[in-house]
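Close look at the chain arrangement
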Amino acid sequence: MEMQAERSPRPARIVTLTMNPALDITTSVGVVRPTDKLRCSATRYDPGGGGINVARVAKVLGSPVLAVFPAGGSHGGLLMTLLGEAQVPFRQIPIAAQTRESFTVNETSTGQQYRFVLPGPELTAPVQEECLDQLRMAAQSAEVVVASGSLPPGVPADYYQRVADICRELGVKLILDTSGGGLQHISSGVFLLKASVRELRECVGRRLATEAEQLAAAHELIDSGRAQVVVVSLGAYGALLATPHASQRFSAVPMRSESGVGAGDAMVAAITVAITHGWSLAKSVRYGIAAGTAMLMTPGTAVFERADIERVFELVAEPAEVGTNDFAAKA
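In this report, we go over the structure that sits alongside the text. (Residues numbered from 1 in each chain as written. Predicted model: local features only at pLDDT ≥ 70, side-chain atom pairs only at ≥ 80, totals over all residues. Heavy atoms only, no water.)

Details of unusual backbone geometry
Worth spelling out the cut-off: Runs of H or I in DSSP of at least four residues are treated as helices and runs of E of at least two as strands, each being numbered from the N terminus. Any residue under 20% of the maximum accessible area for its type is buried, any over 50% is exposed, and the rest in between are partly exposed; the area is computed with a 1.4 Å probe on protein chains only.
Its identity is not glycine, yet Thr35 carries a phi of approximately 75°, on the positive side. Locating Thr35 in the fold gives a position in the loop between β2 (22-29) and β3 (44-48). Here the phi dihedral of Leu208 falls at roughly 55°; this positive angle occurs in a residue that is not glycine. Structurally, the position occupied by Leu208 is in the loop between α6 (197-204) and α7 (211-223). On the basis of relative accessibility, which here comes to 3%, the residue Leu208 falls in the buried class.

What follows is the structure, encoded as structure tokens:
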């Protein structure tokens, strides 16, 4: 299977894996209503999917990065063209099927955003194995692997556990950001797990209505050996950081929002870059919050300028300590 040439002048410190990439399409309309033809504004195209978004942000932040992903068809071709224009190094595993689209419509009259996410093509077993082989080769010289995004049809729910096993064999940190079965079937080997409250709720099977319950669930994942660190993203309410011995609460930075698409991926990217710089976990999460905030101010999944995150980073407050790690008793 012929691979896309790696466009990287130096070894990548960060390697990202995107099993379900997407061509992100963004447009606007005055009002979204049924039946009527909706006359949309000009269309924006961006390369998308969790790990690809992480790679794009890491590139802007100056970190050597390599994106690994399967792609095919005209949509996959345009996705790779856009990555090339952004000078993001990548390795593509060719597939016969068409790469999916992800469609976002901004309703200008209300400021509401509507997202339509397609399931993606079914990946054959040989393609799945080739993705793991290419990841293994790329990760041998990396410090961190980021596996991010949903698993497409045909990929077993324990696939990310296989990724974790590869990272453990290579001595590389794994940062995981996924949902559904891909998250629920992780049993070990994750250095940092980033999850929303919804994803955390799905993982532990409880409601998690309070901060104490959310932290208790995060510590359960740590205590069971599934992850060493858990970051819970809270959107407009900031984030929580759970480590084996403590927890911290981080406030959000109030900011006008242009688009929420890709904000979580930007958060993961900045945390990852900060970790490769040797920053503390608390400072890394602050940097992640700054990146997610800066991403809110861009159209579609366009990436911010580096100066934007540095400006916002100055506004992110130091975290507040949240007691000890005995949250189960409080939940």
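Still more to cover.
What to know about helix α10 (residues 306-313)
As a reminder of what qualifies: Throughout, the arc means the angular range of directions from the helix axis out to the C-beta atoms.
Taken together, the buried positions of α10 are Asp308, Ile309, Val312 and Phe313. An end-on view of α10 places all buried positions within 130° of arc, on one side of the element.

A look at the sheet that holds strand β5 (residues 90-94)
Stated formally: Strands were regarded as paired on the criterion that DSSP finds at least two bridges between them. When checking whether two residues touch, look at their non-hydrogen atoms; a contact exists if any pair is within 4.5 Å. Note on geometry: axes are lines fitted to C-alpha atoms, helical ones only across the stretch in contact, with angles between N-to-C directions running from 0 to 180 degrees.
Sheet architecture is open: ten strands sit in the order β5-β4-β1-β8-β9-β10-β11-β12-β13-β14, paired in mixed fashion. Since the sheet does not close on itself, it has two edges, and those belong to β5 and β14 (320-321), each with one partner. Here four bridges tie strand β1 (residues 14-17) to strand β4 (residues 65-71), and the two strands are oriented parallel to one another. Paired with Val15 across the two strands is Leu66, which belongs to β4. Packing against the sheet, α7 makes contact with β10 (190-196), β11 (227-233), β12 (239-242) and β13 (247-250), and its axis sits at approximately 155° to β11.

Describing the sheet that holds β3
The mixed open sheet is built from four strands, whose spatial order is β3-β2-β6-β7. In this open sheet, the two strands that pair with only one neighbour each are β3 and β7 (112-117). Strand after strand, the sheet turns through a mean of 20° between neighbouring axes, direction not considered. Against the sheet, helix α1 (residues 50-60) contacts β2 and β3, and its axis sits at roughly 100° relative to β3. Those strands touched by helix α2 (residues 73-85) are β2, β3 and β6 (100-107), and its axis lies near 85° from that of β3.

A look at the packing of aromatic side chains
Quick reminder of the rule: By convention, a stacked pair of Phe, Tyr or Trp rings (six-membered ring in the case of Trp) has centres within 6.5 Å and planes under 30 degrees apart, an edge-to-face pair has planes over 60 apart, and any other such pair is tilted. In this scheme, Lys NZ or Arg CZ marks a charge over a ring once it lies within 6 Å of the ring centre and within 35 degrees of the ring normal.
Enumeration over the complete set of coordinates arrives at five aromatic pairs. Centroid distance Phe103 to Phe116: 6.3 Å. Interplanar angle 40°. Geometry classified as tilted. Here Phe103, found in strand β6, pairs with Phe116, found in strand β7; they are 13 residues apart in sequence, far enough to count as distant. Taking the relative accessible area as the measure of exposure, Phe116 reaches 44% and is therefore partly exposed. With centroids separated by 6.0 Å and ring planes inclined at 15°, the aromatic side chains of Trp279 and Phe313 adopt a geometry described as stacked. Of this pair, Trp279 sits in the loop between α8 (263-276) and α9 (281-296) while Phe313 sits in helix α10; the two residues are 34 residues apart in sequence, bridging distant segments of the chain. Given a relative accessible area of 26%, Trp279 falls into the partly exposed group. In this structure Phe313 comes out as buried when scored by relative accessible area, which is 9%. Among the aromatic side chains, those forming a connected cluster through ring pairs are Trp279, Tyr287 and Phe313. Geometry around Phe191 places Lys173 over its ring, the cationic atom sitting 5.3 Å from the centre. Positioned above the aromatic ring of Trp279, the side-chain terminus of Lys283 is 4.2 Å from the ring centre.

Thoughts on the state of the cysteines
Here is the rule we go by: Two cysteine sulfur atoms make up a disulfide if the distance between them is within 2.5 Å.
Within this structure, the stated rule accounts for zero disulfides. Summary of cysteine pairing: Cys167 is not part of a disulfide, and the nearest cysteine sulfur, belonging to Cys131, is at 14 Å.

Description of the pattern of salt bridges
Under the convention used in this document: Should a side-chain nitrogen of Lys or Arg be within 4 Å of a carboxyl oxygen of Asp or Glu, the pair is scored as a salt bridge.
Tallied over the full model, the rule gives 14 salt bridges. Linking Arg56 and Asp46 is a salt bridge whose minimum nitrogen-to-oxygen distance equals 3.7 Å. Of this pair, Arg56 sits in helix α1 while Asp46 sits in strand β3, and the two are ten residues apart along the sequence. Given the relative accessible area of 8%, Arg56 is considered buried.

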